[in-house]
Amino acid sequence: MKKILLLSTICLLAGNAYSMDIKPYVEGKISQNWMEAKYKEDDYFAETFKDDCFGASLEVGAKFDQFRLGIEGYYNDKMEDKLMDVLPVEGETKGIFLNAYYDIHLPNLEQVMPYIGVGIGYSWLKETADASSYGLGKDSAKDESVGWNIGLGMGFALNDNIAMTLGYRYENLGKIENYGNKTDFTNHKMSLGIRYTF
């Protein structure tokens, strides 16, 4: 009897998965970023670098009713600041995110769809300090790190396949660890995108 119930449950789940309307999509975004890099040296010295820069991303995924799951590759332009207002420093960030979204259906307003989303990813990070003007040259550090994001936004349907998106996202892009020194990268991102659902 238990085997029959288990087999029936498996068949029911398989039937539901088969009947689920799965729609692939692709979305391109441009973004304005407000980046922060918190530098900490041996627990004695700390400073936060800030800069705003542009970014771009491309995501491919699939839509399951009100849920979406996508893989996103992103690149952010260099952030630039000065250590102690003297030494020029640069930060570079790029990586991938696995994102999950929930689309909120509004009654009697099908063309507008708010969404919330979370993601986990992998980042390639680089920081460079330029002391050439002091005769010391440039010093760079690279690292790879796990990151995450959380955000919300709005989709505006232009037709059955194309939607314009506007979103905000907080990103923790991970950290560089180099000889006891640590730099944590975070980002506040506003994005504008076009999503095509097949």
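Preceding block: the structure.
All figures in this text were calculated on a predicted structure; none of them were measured in a lab.

Trainee: Is there a simple way to think about the overall build of the protein in this case?
Mentor: Counting secondary structure elements, the protein contains one helix and eight strands. Along the chain direction, N to C, the helices and strands of the protein fall in the order α-β-β-β-β-β-β-β-β. Within the protein, the proportion of its 198 residues that are buried is 36%. Of the contacts made within the protein by residues no fewer than 6 positions apart, 61% connect residues no fewer than 24 positions apart. Of the roughly 12,300 Å² of accessible surface on the protein, a fraction of 63% belongs to carbon and sulfur atoms.

Trainee: Would you mind showing me how to read the nonpolar core here?
Mentor: Among the nonpolar cores identified, the biggest contains 14 residues, and F49, M79, L173 and F185 are the most heavily contacted of them. Of all the secondary-structure elements, those providing two or more residues to this core are β1 (22-41), β2 (45-64), β3 (67-83), β4 (87-103) and β7 (162-178). No other element matches the three residues that β1 contributes to this core.

Trainee: For this particular structure, what's the right way to read the side chain of K189?
Mentor: Relative to the elements of secondary structure, K189 occurs in strand β8 (residues 181-197). Polar contacts involving the side chain of K189 include one to the side chain of E171, which spans 3.1 Å. Excluding anything up to four places from it in sequence, K189 contacts S31, Q32, N33, N76, G167, Y168, R169 and E171.

Analysis parameters
- Residues numbered from 1 in each chain as written.
- Predicted model: local features only at pLDDT ≥ 70, side-chain atom pairs only at ≥ 80, totals over all residues.
- Heavy atoms only, no water.
- Helix = DSSP H or I, 4+ residues; strand = E, 2+ residues; numbered from the N terminus.
- Buried < 20%, exposed > 50% of the residue type's maximum accessible area, 1.4 Å probe, protein only.
- Contact = heavy atoms within 4.5 Å.
- Areas by Shrake-Rupley, 256 points an atom, 1.4 Å probe, with all protein chains shown as cover.
- Core = buried A, V, L, I, M, F, W, Y, C linked by side-chain atoms within 4.5 Å.
- Polar contact = N/O pair within 3.5 Å; in protein donor to acceptor, adjacent residues only side chain to side chain.

Remember, this is a structural readout, not a statement about activity or role.
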